[in-house]
Amino acid sequence: MVLKNNRVRTLCVDLGGSRVKIAVVEDGRVLASEMFAVCATTAETLATVAVKGRELMSRHGGSFAGLAVAAAGIVDEANRRVVICNGKYAGLEDIDLVSWAQREFALDFRIVNDARAALMGELAYGCAKGEADAVIVILGTGVGVSSVSGGHIVRGRHFVHGLLGGHIPVNFDDDRRCTCGGRNCLEAYVGSWALKEMAGDPTYDYRSLEQDYAAGDARAKTLFGTVSRALGAGTLALAHMFDVETVIWSGGVSRFTALIDEAQRLVLENAWTPWGKIRFLKAADPEASVTLGLHALYSGIEF
Ligand SMILES: [Zn+2]
């Protein structure tokens, strides 16, 4: 990572699974932000981004270096377009976002996968400053993964390198269907959607599990065992695969300390790392890492 000059102001948009976050960022500090629920259509969502984004820009005048967008899906960073975007942004693949950004904001435009943005945010401004060989594991509805090697974010031939780390199989004695079409993926045990399925209760979330587990509930113990073993196995596979020294936890579920501690214990117990011991870091503000990573795209930081 090379830090050149980050005295710059940007408009950053995180197209999340259920909410869109827009922020004005300067020098790695969020000056103002707004959030709204994803609209019924992608066109409506983009129209709302344009209105709210321009409002934020006019309230915080000055010159903006660009508009940076994070999307959950496969993003062609070079051609600045979404290749595949699952879930709530149907048709985003067909929209010329470069022209949209020019028309609505008169700004330069960049777009990146959200997990990769979160990694860049933690490397540039967050808990992982100065880390050169690390993998981020983002625990939320799904499991987001991205890695940095020798200080460079490896993007791969199709911009997918590392990003599908949530979809490595962690179990061969089961038949859990995953959102990717595969079976028994890390995400099929650890994603919050999977927890609901395994609990047989659409309202069950990680907060429920944390409370029930602390209270000694038998079902919660079983679920905790399943989730922590999957998380430990998947994270160890990622650490081995990417030759990292550091694992960065992020996402709301990373606040579940007992779960993270158990996964870390399993990683260390089973790791083959003759060079030393894998270290673990946790994002201080998991909600901010994507935004700061987007800002980093315009702040002269080279990964
Ligand atoms: Zn999968």
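Remember, predicted model here, so these are calculated numbers, not experimental data.

**Brief notes about the environment of Asp173**
Logical step 1: Take Asp173: it is sitting in the loop between strand E10 (152-153) and helix H4 (187-190).
Logical step 2: Residues Asp173 and Asn184 lie 11 residues apart in sequence; the distance between their C-alpha atoms is 8.7 Å.

**Some details on the pattern of salt bridges**
Logical step 1: Under the counting rule described, the total for this entry stands at 13 salt bridges.
Logical step 2: A salt bridge links Glu26 to Arg9, with the nearest nitrogen and oxygen atoms 3.1 Å apart. Highlighted residues: Glu26 in strand E2 (residues 19-26) and Arg9 in strand E1 (residues 9-15), separated in sequence by 17 residues.
Logical step 3: Owing to a relative accessible area of 15%, Arg9 belongs among the buried residues under this scheme.
Logical step 4: Two residues, Glu34 and Lys52, come together in a salt bridge whose shortest N-O distance is 3.5 Å. Note that Glu34 is positioned in strand E3 (residues 29-37) and Lys52 in helix H1 (residues 42-59), a separation of 18 residues in sequence.
Logical step 5: When its relative accessible area of 22% is taken as the criterion, Lys52 is described as partly exposed.
Logical step 6: One network of salt bridges, with partners in common, ties together Glu34, Lys52 and Arg59.

**Details of the packing of H1 against helix H2 (residues 97-105)**
Logical step 1: Where H1 meets H2, the closest approach of the two axes is 10 Å, and the angle between their N-to-C directions is 45 degrees. Classified by the interaxial angle, the pair formed by H1 and H2 is oblique. Helix-helix and strand crossings are classified by hand; for H1 and H2 the assignment is right-handed. Only Leu97, Trp100, Glu104 and Phe105 of H2 make contact with H1, whose side of the interface consists of Leu46, Val49, Ala50, Gly53, Arg54 and Met57.
Logical step 2: Taken together, the residues of the contact of H1 with H2 break down into seven nonpolar, one polar and two charged.

**Notes on the sheet that holds strand E8 (residues 134-139)**
Logical step 1: One open sheet holds the five strands; their spatial order is E10-E9-E8-E11-E12, and the pairing between them is mixed. In the strand order of this sheet, the two ends are held by E10 and strand E12 (279-282), each with one partner.
Logical step 2: When E8 meets strand E11 (residues 246-250), the two strands line up parallel, connected through five bridges. Within E11, the residue paired with Ile138 across the bridge is Ser250.
Logical step 3: Across the sheet, helix H3 (residues 114-124) is in contact with E8, strand E9 (143-149), E10 and E11; its angle to E9 comes to roughly 50 degrees.

**Brief notes about the nonpolar core**
Logical step 1: Counting 36 residues, the largest nonpolar core has Leu139, Val190, Tyr206, Leu231 and Trp249 as the members making the most contacts within it.
Logical step 2: At the level of elements, E8, E9, H4, helix H5 (192-199), helix H6 (206-214), helix H7 (218-242), E11 and helix H8 (257-270) are the ones that each hand at least two residues to this core.
Logical step 3: Not counting the four nearest positions on each side in its chain, Trp249 is found in contact with Val137, Leu139, Leu231, Thr235, Ser254, Ile260, Ala263, Gln264, Phe280, Leu281, Lys282 and Ala283.
Logical step 4: Grouped together as the second largest cluster of nonpolar side chains are 32 residues, Cys12, Ala117, Ala128 and Leu292 included.

**Focus: the coordination of the zinc ion**
Logical step 1: The protein atoms that coordinate the zinc ion are His167 (ND1), Cys178 (SG), Cys180 (SG) and Cys185 (SG), at distances spanning 2.0 to 2.4 Å.
Logical step 2: Here the zinc ion is ringed by four donor atoms whose angles at the metal span 103 to 124 degrees, and the overall shape comes out tetrahedral.
Logical step 3: Mapped onto the sequence, the donors of the zinc ion take the spacing H-x10-C-x1-C-x4-C.

**Comments concerning the state of the cysteines**
Logical step 1: On inspection of all chains with the given rule, the structure shows zero disulfides.
Logical step 2: Left without a disulfide partner, Cys12 is nearest to the cysteine sulfur of Cys85, which lies 18 Å away.
Logical step 3: Note on Cys85: no disulfide assigned, nearest cysteine sulfur contributed by Cys39 at a separation of 14 Å.
Logical step 4: For Cys85, a relative accessible area of 6% corresponds to the buried category.

**Remarks on the domain arrangement of the protein chain**
Logical step 1: Taken domain by domain, the protein chain consists of domain 1 (9-117 + 288-296) and domain 2 (130-282).
Logical step 2: A C-alpha centroid distance of 27 Å is found between domain 1 and domain 2.
Logical step 3: Of the residues lining the interface, nine residues belong to domain 1; the matching set on domain 2 comes to 14 residues.
Logical step 4: Of the roughly 850 Å² buried between domain 1 and domain 2, counting both surfaces, carbon and sulfur atoms make up 59%.
Logical step 5: Its largest share of buried area at the contact with domain 2, domain 1 owes to Ile74, Ala115 and Arg116, together 64% of the area lost on that side.
Logical step 6: Between Glu77 and Arg155 there is a salt bridge, with its nearest N and O atoms 2.7 Å apart.

What counts, and at which threshold
- Per chain, residues are indexed from 1 in the order of the written sequence.
- Totals for whole chains, interfaces and linings use all residues, but because this is a predicted model, local features are given only for residues with pLDDT of at least 70 and pairs of side-chain atoms are given and counted only at 80 or more.
- With hydrogens and water stripped out, all remaining heavy atoms of the structure feed into the side-chain values.
- For helices the rule is a DSSP run of H or I covering at least 4 residues; for strands it is a run of E covering at least 2, with both sets numbered from the N terminus onward.
- By definition here, a salt bridge exists when the distance from a side-chain nitrogen of Lys or Arg to a carboxyl oxygen of Asp or Glu is within 4 Å.
- Three exposure classes are used, based on accessible area relative to the maximum for each residue type with a 1.4 Å probe and protein chains only: buried under 20%, partly exposed in between, and exposed over 50%.
- Only the stretch in contact is used when fitting a helix axis, every axis being a line fitted to C-alpha atoms; angles between N-to-C directions are given from 0 to 180 degrees.
- When an angle is under 35 degrees it counts as roughly parallel; over 145 it counts as roughly antiparallel; between 65 and 115 it counts as roughly perpendicular; any other value is oblique.
- The handedness criterion is simple: a crossing whose near helix is rotated anticlockwise from the far helix by less than a right angle is left-handed, and one whose near helix is rotated clockwise is right-handed.
- In this analysis, two residues are considered to be in contact whenever any of their non-hydrogen atoms come within 4.5 Å of each other.
- When residue character is reported, Ala, Val, Leu, Ile, Met, Phe, Trp, Tyr, Cys and Pro are called nonpolar, Asp, Glu, Lys and Arg charged, and the others, Gly included, polar.
- At least two bridges found by DSSP between two strands is the condition for calling them paired.
- Grouping buried Ala, Val, Leu, Ile, Met, Phe, Trp, Tyr and Cys residues that are joined through side-chain atoms within 4.5 Å yields what is termed a nonpolar core.
- Water is absent from the atoms considered, so a metal site may look incomplete; donors are defined as N, O and S atoms within 2.8 Å of the metal, or 3.2 Å for Na, K and Ca.
- In these descriptions, tetrahedral denotes four donors with every angle between 85 and 135 degrees, square planar four donors and octahedral six donors with opposite donors over 155 degrees apart and the rest between 65 and 115, and irregular any other case.
- Note on terminology: disulfide denotes any pair of cysteine sulfur atoms within 2.5 Å.
- Domain limits in this description derive from either an automatic procedure or a database domain assignment.
- What gets called buried area is simply the loss in accessible area from a 1.4 Å probe that two parts show on being joined, summed for both.

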